[in-house]
Amino acid sequence: MSRLRYGAIVNRPYHHGDLRRALLAAAWSLLDEGGLDAITLRAVARRASVSHAAPHHHFASKAALVEAMVVQGLEWFAGDLQRAWDDGLNAGQDPLAALRDVGLAYLRFARGRPHVFALLNRPELRRPAEADSPDRGSVVGAAAEQAYLVLVRGVVASQQAGQIARGDPAPWALLAWSGVHGLAMILTDGLLDAPEGLSADDVAGILLDGLQHGLAVRP
């Protein structure tokens, strides 16, 4: 995920090629402040200090703009998961331990960018803006698949290392995804009252340790 905050380029002069980037940065800033209802093409234009007509060079409607935000958010998300996997392996971890770090990156993304995470998990926004497009679903679906494939590849690598039972990796991936995603939703919705003496990070560690133990092959 880029470390640049989405609002960092708002109100800066931009070159023609940066207009789309500036509009998306403005949209993310508005989402943080007022939720999805705060995003309109006019509001985005004002935040980016461009004319009201400027957004139409890249986005035909609010739906098209939000679709682009979903794709960008999924790209950030997939990038964080992939980096966690790569860093774990490069540090000498075995695949199952590196997979645990992927889960931790998932939770960190959800807690660090709750507005982005919430947007990515609105089912109606995971569909493309143009219903009659011949490429309906391909852009958003491909972006979502990249994040999921990090998890699947981690399961396969753990199977090849003899750490997870061989066979179809899909059920194991679903198990890991369900556990981590469920906790991420609980944490971002503020539903978790951690036991006395434990932080949310502690609870996340306990869940991930449990998942790692549950996935491991028994002797």
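J.: Before we go on, may I ask you to explain unusual backbone geometry in this structure?
T.: Backbone geometry follows two general trends: most residues other than glycine have a negative phi, and most peptide bonds adopt the trans configuration. Phi angles above zero are rare outside glycine, and Ser49 is one such case at about 60°. Along the polypeptide, Ser49 turns up in the loop between α2 (41-48) and α3 (62-90).

J.: Is there a simple way to explain the packing of helix α4 (residues 95-112) against helix α6 (residues 138-160) in this structure?
T.: Working note: a packed helix pair is described by the angle between its axes plus the distance between those axes. Closest axis-to-axis distance for the α4/α6 pair is 8 Å, and the angle between their directions is 160°. Comparing their axes, α6 and α4 come out roughly antiparallel. Viewed along their axes, α4 and α6 form a crossing whose handedness is left-handed. Of the residues in α6, those in contact with Pro95, Leu96, Leu99 and Val102 of α4 are Val150, Leu151, Gly154, Val155, Ala157 and Ser158. For the contact of α4 with α6, the class distribution of residues is 8 nonpolar, 2 polar and no charged.

J.: Help me understand the pattern of salt bridges, please; the structure alone is not making it clear to me.
T.: When the charged atoms of two side chains lie near each other, side chains of opposite charge can form a pair. A full pass over the atoms with the stated rule returns 3 salt bridges. Across the pair Glu33 and Arg47 runs a salt bridge, and its minimum N-O distance is 3.0 Å. Placement of Glu33 in helix α1 (residues 19-34) and of Arg47 in helix α2 is noted, with a sequence separation of 14 residues between them. For Glu33, a relative accessible area of 57% corresponds to the exposed category. The shortest N-O distance in the salt bridge between Arg100 and Asp209 comes to 2.8 Å. Of the two residues, Arg100 is situated in helix α4 and Asp209 in helix α8 (residues 200-215); the sequence distance between them amounts to 109 residues. In this structure Arg100 comes out as partly exposed when scored by relative accessible area, which is 22%. Accessibility expressed as a relative area gives 41% for Asp209, which makes it partly exposed.

J.: Would you explain the packing of aromatic side chains in this entry?
T.: Centre-to-centre distance and the angle between the planes together describe a pair of aromatic rings. Enumeration according to the criterion identifies 5 aromatic pairs in this entry. Ring geometry for Phe77 versus Phe109: centroids 5.0 Å apart, planes at 55°, classification tilted. You can see Phe77 sitting in helix α3 and its partner Phe109 sitting in helix α4, a full 32 residues away along the chain. Like Phe77, the residue Phe109 is buried in the burial classification. Grouping aromatic residues by their ring pairs yields a cluster made of Phe77, Tyr106, Phe109 and Phe117. A cation over a ring is seen here: Arg113 above Trp76, with NZ or CZ 4.3 Å from the ring centre.

Rules used throughout
- Residues numbered from 1 in each chain as written.
- Predicted model: local features only at pLDDT ≥ 70, side-chain atom pairs only at ≥ 80, totals over all residues.
- Heavy atoms only, no water.
- Helix = DSSP H or I, 4+ residues; strand = E, 2+ residues; numbered from the N terminus.
- Axes fitted to C-alpha atoms, helices over the stretch in contact; angles between N-to-C directions.
- Parallel < 35°, antiparallel > 145°, perpendicular 65-115°, else oblique.
- Left-handed = near helix turned anticlockwise from the far one by under 90°.
- Contact = heavy atoms within 4.5 Å.
- Nonpolar A, V, L, I, M, F, W, Y, C, P; charged D, E, K, R; others polar.
- Salt bridge = Lys/Arg side-chain N within 4 Å of Asp/Glu carboxyl O.
- Buried < 20%, exposed > 50% of the residue type's maximum accessible area, 1.4 Å probe, protein only.
- Phe/Tyr/Trp six-rings, centres within 6.5 Å; stacked < 30°, edge-to-face > 60°.
- Lys NZ or Arg CZ within 6 Å of the ring centre and 35° of its normal.

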